[in-house]
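# Descriptive structure summary
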Amino acid sequence: MTVVRPLRIAVLVKQVPNFESLRLGGDRRLERTGQQLEMNPYCQRAVAKGVELARESGGECVVLTLGPPAAEDCLREAVACGAAHGVLVSDEVFAGSDTLATARALAAALLRLGPFDLVLCGRNSVDAETGQTPAQIAELLDLPMAAGVRELTLKDTTLVVRCEHDDGWLRSELPLPALLTCAERLIHPAKAAPVERAGVSADRIRRMNATELGPGPWGDAASMTVVGASRRLDGTRLRLRFDGDVDTQVERAVVKLAELGAFDTAPEPPLLPVPEPSGDSGSGDVLVLAEPGRDRLTRELLGRAALLAASTGRRVVALGPAPPSPVLAGSWGADTVGTITGSDAEQDIAEGLAAWCSARHPWAVLAPSTMWGREIAGRVAARLGAGLVGDAVDVMTNPQGELVCWKPAFSGGLVAAVTCRSTTRFATVRGGTLRLLVPRGAVARRAPDLVVVRRREAGGGVREFDDDLEALEVAPAVVCLGAAVPPEDYPLLDPLLHVLGAELAATRKVTDRGWQPRARQIGVTGRSVAPRLYVAIGTSGKFTNMAGARGAGLVLGINSDPAAPLFEAVDVGVVADWRDAVARLVTAVEQHGLPHGTPLLARGSTR
């Protein structure tokens, strides 16, 4: 690292419940009383990197958090790990803060304590999982941003980064000052034992209240989203195991799975057609932000936008740097389609899109819940002071005509209905969760290009793809491998993948070793999937991994250790060496589950 001066670095951290105790209280806020709390795992990486960069440059690392008095423990841990001091932004008026209100409070604190050369955050928090607060802070502070940083080099005042994105990598350069979010594998996490945290001097922790930040508004009064009804999704698994040798166990397991419908090849209900254009462009459009290279996700969003528009008398507009052709866009649900030109940098696109929204006042903006979509939507919502629901799995209207977004939280154990108070409502939507619609014959009209201004400091980047983001989202079955299955043995799994029509996934240990792309990682710090059948092979079954399979219809686990935690998180378990079980499993599925050579119907054909 080459630097011309000491760096002043701010790290933003969040205290979250321990993974296994995540829940909401009766007031629909995070229940902290009696819960084991800890620093968000991604934030632990941000602290470690901030301390490292400050030491190397001869500078200073300051750690901030917004939260109740108990959140001071995170600051003590950061100071014990080398931070100069911690700042607790705490006041009763901050209660009920959504991501925008949180971003405003933290941005105000950074301005008061600054200036800073670099702001570091975690990639996302494991309780809310939106990853949008950093983008909103970057917009409020007018900073360039890089998300999911895995590799970082500083040359004078230029950051050279390599970022983990959804199914690949982004190499980019950006100048200081800047904001970065840290990937899980950027650096070893900063951790300190309770005795070390208790030993931190009180004068190393500063408190800031709302009065010090300014007139506000703060907390619920500044929040543009409202959490409504919620429902839990974490139903109890059957936890069945059968006595006998491997052949007997596998035979009985497959019979039971067949009875439960794991191998049902019946097609899903008939698809709805894309509604024909009928709305009024003067009543506020439904805008879909089309990400380059994400045609399926764009089609999902346009189909849902067309349903929303039809139910509220509106029109659908598609905008993107490389949008679908008028023929495709029209068939998928767009009434007009326009191209964003001038720059491909997220910060530039967000600035231009915010101006477009200010002039056009769209009723709703739907964006993909990808790194690209989250940054742009987060920046635009922050600039406009609008409500943004992140990582929604469904969007619809209620009887009052409001946009309702169903958002998962707490590692998929709960979904909540969230509405927006703003006149333009923003939502990022998770891919693979909205059913595709039967295309219509309409052709979209060409809209004028949205020309955005290229900022020299916003940079661009070189994108590299190493996987297909949608593969796991549409697979009818997913086979998740642990480190007990070495990559040279992966070909032994091909017959099972074929008969189930399954895609491979992996635990963190597997992706850490480079045996599978990170886009295939399942769990709290990876992805969540919801196939009809999830098969865990050679995994221990820790909560941090199995939380990503909560949405699966049925779960089959194979492990040679009868005491493995895996068997507490499956519907059916087989205690055996995976090599012995897999070949027998293929034969049994062919005999009792599926006709030979007939894989499960891929959801990709109907969703």
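Quick note: structure is the one above.
Residues numbered from 1 in each chain as written. Predicted model: local features only at pLDDT ≥ 70, side-chain atom pairs only at ≥ 80, totals over all residues. Heavy atoms only, no water.

Backbone torsion omega between L176 and P177 reads -5 degrees, so that peptide bond is classified as cis. Mapped onto the secondary structure, P177 falls in the loop between β9 (168–175) and β10 (178–182). Going from G216 to P217, the amide bond is cis rather than trans, its omega being 10 degrees. Along the chain, the position of P217 falls in the loop between α6 (210–213) and β12 (225–232). At D142, a residue that is not glycine, the phi angle is positive and equals roughly 55 degrees. Residue position: D142 is located in the loop between α4 (133–140) and β7 (145–155). Take D142: its relative accessible area is 44%, and that puts it in the partly exposed class. In this model, D156 sits at a positive phi of 55 degrees, which is unusual for a non-glycine residue. With respect to the secondary-structure elements, D156 resides in the loop between β7 and β8 (158–165). (Helix = DSSP H or I, 4+ residues; strand = E, 2+ residues; numbered from the N terminus. Buried < 20%, exposed > 50% of the residue type's maximum accessible area, 1.4 Å probe, protein only.)

As a general point, the strands of a sheet are linked pairwise by backbone hydrogen bonds and lie either parallel or antiparallel. In spatial order, the strands read β11-β5-β4-β1-β6-β10-β7-β8-β9-β25; together these ten strands make up an open sheet with mixed pairing. Looking along the sheet, the strands with just one partner apiece sit at the ends: β11 (205–208) and β25 (462–465). For this sheet, the mean angle separating the axes of adjacent strands, direction not counted, is 30 degrees. Pairing of strand β4 (residues 60–66) with strand β5 (residues 85–89) involves five bridges; the strand directions are parallel. Considered in β5, the bridge of T65 is made with L88. (Pairing = 2+ DSSP bridges. Axes fitted to C-alpha atoms, helices over the stretch in contact; angles between N-to-C directions.)

What follows deals with the state of the cysteines. All chains considered together, the criterion is met by zero disulfides. Not engaged in a disulfide, the cysteine C163 finds its nearest cysteine sulfur in C182; these two sulfurs lie 10.0 Å apart. The class of C163 is buried, set by a relative accessible area of 1%. Take C405: it sits in no disulfide, and the sulfur closest to it among the cysteines is that of C420, at 5.8 Å. (Disulfide = S-S within 2.5 Å.)

Let us now look at helix α11 (residues 371–384). Taking 1.5 Å per residue as the helical rise, α11 with its 14 residues ought to reach 20 Å, and the 20 Å between its terminal C-alpha atoms agrees with that figure. Among the 14 residues that make up α11, twelve are buried, leaving the element largely enclosed by the rest of the structure. Taken as a whole, α11 has its buried residues at M371, W372, G373, R374, E375, I376, A377, G378, R379, V380, A381 and A382. Taken from the residues just after α11, G385 is the one with a positive phi, measuring 70 degrees. (Expected span 1.5 Å × (residues − 1).)

Let us now look at helix α3 (residues 99–113). Taking 1.5 Å of rise per residue, 15 residues should cover 21 Å, and α3 covers 21 Å from first to last C-alpha, within 8% of that figure. Of all the 15 residues making up α3, twelve are buried; the element is thus mostly covered by neighbouring parts of the structure. Capping the start of α3, D98 holds a side-chain oxygen 3.2 Å from the backbone nitrogen of L100, two or three residues further along. (Polar contact = N/O pair within 3.5 Å; in protein donor to acceptor, adjacent residues only side chain to side chain.)

Looking now at the sheet that holds strand β30 (residues 572–575). With respect to topology, six strands assemble into an open sheet ordered β13-β30-β29-β28-β26-β27, the strand pairing being parallel. Looking at strand neighbours, the two that pair on one side only are β13 (240–241) and β27 (502–506), the edges of this open sheet. Here two bridges tie β13 to β30, and the two strands are oriented parallel to one another. Counted as the bridge partner of R241 is G573 from β30. Lying over the sheet, helix α7 (residues 246–259) contacts β13, β28 (533–537), β29 (554–559) and β30, oriented at roughly 170 degrees with respect to β30. (Contact = heavy atoms within 4.5 Å.)

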